[in-house]
Structures are given as structure tokens and as C-alpha cells.
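As a plain string of letters, each chain reads:
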Amino acid sequence: MHGNAMPDSYVYVTEEGVTRHYADGSVEALAWEDVVEVRVAAETDTEVLYILLARDGEGCVVPRSATDATFLARLRYLPDFDLERLQRAGESARDGAVVVWRSPDPPSTLPDLEYD
């Protein structure tokens, strides 16, 4: 059988939150109201990851290749979110994760997030 291979994950963005489903059946989900930090990291030379973190350290890792205008439009609802900063970070995030946004009322510490 020919055709496109099944993606290793897919992402749903709604007004309530973002959910990433992996091919192995695991799921990461985060409500927009729980997002306290957005990071950008380069997985490879061509793939950039958006890492959304919640106050409790839970997160959702979203590959740029799985995003669309809906995801970017929803990020703009975060207080004082700067899409230009997100774009610049995506172009230069080669040495670990870059924080591009923090909640005006973040927790005192956020854990490091391992991403695949």
C-alpha cells in the first residue's frame, strides 16, 4: 500500500487548550489558562519545538511542523505575547530552550522539561 506515512504525532488546538497525541497512544494536554511559560527549542536543524509549561511543571511539546495559524493566533491571547520574539527564537534556538514568554504571575520556579 502506498501513501503518506502515519505521523508520529498530531496536535489539536482549541479555545480551551492544546493536545498532542503520539503514535504510541500517549497524550500531552494543557489548558490555555494553565500556561505560565512558553519556550522554543531546536530538535534538529529543521524542526523547532514550542514547549508550553503549566504552573505544576506539566507541559505540552508542540513541533512547529504540526502548528498552523490557529496555534499562533491562540498564543497571541497570552498577556503581552510577542509573535516576533517567538519567530526570532525559532530561528536561533540551537543551544537549548529559549524562554519567549512568562506569565505575569509565574510560579517561583519551573522545572527543566525533557523533550523528545
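To be clear, the structure that these remarks concern was listed above.
Residues numbered from 1 in each chain as written. Predicted model: local features only at pLDDT ≥ 70, side-chain atom pairs only at ≥ 80, totals over all residues. Heavy atoms only, no water.

Participant: Please explain the sheet that holds strand 3 (residues 27–31) as it appears in this structure.
Facilitator: Backbone-to-backbone hydrogen bonds join strands into a sheet, with any given pair of strands oriented parallel or antiparallel. If you trace the three strands from one edge of the open sheet to the other, you get 1-2-3, paired in antiparallel fashion. The open sheet has two edge strands with one neighbour each: strand 1 (9–13) and strand 3. Across this sheet, the average inter-strand angle for adjacent strands is 10 degrees, counted without regard to direction. Relative to strand 3, strand 2 (residues 17–22) runs antiparallel, the two being bridged by five bridges. Residue pairing in the sheet places Val18 in a bridge with Leu30 of strand 3. (Pairing = 2+ DSSP bridges. Helix = DSSP H or I, 4+ residues; strand = E, 2+ residues; numbered from the N terminus. Axes fitted to C-alpha atoms, helices over the stretch in contact; angles between N-to-C directions.)

Participant: Mind showing me how you'd approach the packing of aromatic side chains here?
Facilitator: Enumeration according to the criterion identifies three aromatic pairs in this entry. Their ring planes at 45 degrees and their centres at 6.2 Å tell us that Trp32 and Phe71 sit as a pair that is tilted. Of this pair, Trp32 sits in the loop between strand 3 and strand 4 (35–42) while Phe71 sits in helix 1 (residues 69–75), placing them 39 residues apart in sequence. Here the two residues Trp32 and Phe71 agree in accessibility, since each one is buried. On the numbers, 5.6 Å between centres and 20 degrees between planes, the contact of Tyr50 with Phe71 is stacked. Taken together, the residues span a long stretch of sequence, with Tyr50 in strand 5 (residues 48–54) and Phe71 in helix 1 at a distance of 21 residues. Judged by its relative accessible area of 1%, Phe71 is buried. Put simply, the rings of Trp32, Tyr50 and Phe71 touch in pairs and so form one group of aromatic residues. (Phe/Tyr/Trp six-rings, centres within 6.5 Å; stacked < 30°, edge-to-face > 60°. Buried < 20%, exposed > 50% of the residue type's maximum accessible area, 1.4 Å probe, protein only.)

Participant: It is not clear to me how the side chain of Glu47 should be interpreted in this structure. Could you clarify?
Facilitator: Residue position: Glu47 is located in the loop between strand 4 and strand 5. Notably, Glu47 is buried but unbridged: the nearest opposite-charge side chain belongs to Arg64, and the N-O separation is 5.4 Å. Side-chain polar atoms of Glu47 contact the backbone nitrogen of Arg64, separated by 3.3 Å. One polar contact links Glu47 to Ser65, side chain to side chain, over a distance of 2.6 Å. Apart from residues no more than four positions distant in its own chain, Glu47 is found in contact with Ala41, Ala42, Pro63, Arg64 and Ser65. (Lys, Arg positive; Asp, Glu negative; His and termini not counted. Salt bridge = Lys/Arg side-chain N within 4 Å of Asp/Glu carboxyl O. Polar contact = N/O pair within 3.5 Å; in protein donor to acceptor, adjacent residues only side chain to side chain. Contact = heavy atoms within 4.5 Å.)

Participant: Can you help me understand a negative patch on the surface in this one?
Facilitator: Among the surface-exposed residues, Glu33, Asp34, Asp56 and Glu58 lie close enough to one another that they form a single negatively charged patch. Relative to the helices and strands, Glu33 resides in the loop between strand 3 and strand 4. On the accessibility criterion, Glu33 (74% relative accessible area) is exposed. (Patch = residues over 30% accessible without salt bridge, like charges linked within 9 Å, V, L, I, M, F, W, Y side chains within 5 Å. Areas by Shrake-Rupley, 256 points an atom, 1.4 Å probe, with all protein chains shown as cover. Charge placed at Lys NZ, Arg CZ, Asp CG, Glu CD.)

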